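Each chain is listed here by its residues.
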Amino acid sequence: MYIKGNHSRSDLISPSFSQSLIYNKASGEAAILREIGANKFLTKMNSAQWIQKNDKFADATIQYTEERKAILGYDCKKAIIQLKDGSTFSVFYASNIVPSVKEFEYQFKDIPGFVLEYEARDGYTQKIVYTATNV
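Just so it is clear, the structure is predicted and the values come from calculations on it, not from any experiment.

Colleague: Would you mind going over the overall build of the protein chain with me for this structure?
Modeller: From N to C terminus, the protein chain includes one helix and 10 strands. Seen in sequence order, the protein chain has helices and strands lined up from the N terminus as β-β-β-β-β-α-β-β-β-β-β. A compact globule built from 135 residues would reach a C-alpha radius of gyration of about 14 Å, and the protein chain, at 15 Å, matches this within 12%. Projected onto the principal axes, the alpha-carbon positions of the protein chain cover approximately 40 × 35 × 30 Å. For the protein chain, buried positions account for 32% of its 135 residues. Partitioning the intrachain contacts of the protein chain with sequence separation of at least 6 by distance along the chain shows that 29% fall at a separation of at least 24. Summed over its atoms, the accessible surface of the protein chain is roughly 8,500 Å², and 50% of this surface lies on carbon and sulfur atoms. Here the protein chain contributes 17 positive and 15 negative side-chain charges, whose respective centroids are spaced 3 Å apart.

In structure tokens, the structure reads:
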């Protein structure tokens, strides 16, 4: 994750693909660059498209827990996010780091800090945990 002013870039690297998301908070526009094997894809979105793409995260509720965990030396608190379809996932966030651009990971925009670890589902079968490796 890189943040400067109203701009952010987040890089996600996994064994099966890599992705970079570039987001401009001032305009609400985003670009997603994906590399899957030898194939490369670019998706550009205006503000309305960005909001529509993230509609599944609208009206999510957040349950804060007492659980804590140290990640890269930061004291992180746990929160559980429940989506409107009933699915849930957990995040660990450092409340002493507050990014200037929060919408780059739309599902975390209401978390009161910087998310350093979260879980995701590969379809409905496999849970994947993403953890920051450097701050």
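Colleague: Would you mind going over the packing of aromatic side chains with me for this structure?
Modeller: Aromatic rings in a pair are described by how distant their centres are and how their planes are angled relative to each other. Inspection of every chain in the model, using the stated rule, returns five aromatic pairs. Taken together, a centroid distance of 6.3 Å and an interplanar angle of 75° make the contact between Y64 and Y93 edge-to-face. Placement of Y64 in strand β6 (residues 61–71) and of Y93 in strand β8 (residues 88–94) is noted, with a sequence separation of 29 residues between them. Residue class for Y64 comes out partly exposed when judged on its relative accessible area of 42%. Three or more aromatic residues joined by ring pairs form one cluster here, namely F89, F108, Y118 and Y130. It is K69 that lies over the ring of F92; its NZ or CZ is 4.8 Å from the centre.

About the thresholds
- Residues numbered from 1 in each chain as written.
- Predicted model: local features only at pLDDT ≥ 70, side-chain atom pairs only at ≥ 80, totals over all residues.
- Heavy atoms only, no water.
- Helix = DSSP H or I, 4+ residues; strand = E, 2+ residues; numbered from the N terminus.
- Rg over C-alpha atoms; globule rule 2.2 N^0.38 Å.
- Buried < 20%, exposed > 50% of the residue type's maximum accessible area, 1.4 Å probe, protein only.
- Contact = heavy atoms within 4.5 Å.
- Areas by Shrake-Rupley, 256 points an atom, 1.4 Å probe, with all protein chains shown as cover.
- Lys, Arg positive; Asp, Glu negative; His and termini not counted.
- Charge placed at Lys NZ, Arg CZ, Asp CG, Glu CD.
- Phe/Tyr/Trp six-rings, centres within 6.5 Å; stacked < 30°, edge-to-face > 60°.
- Lys NZ or Arg CZ within 6 Å of the ring centre and 35° of its normal.

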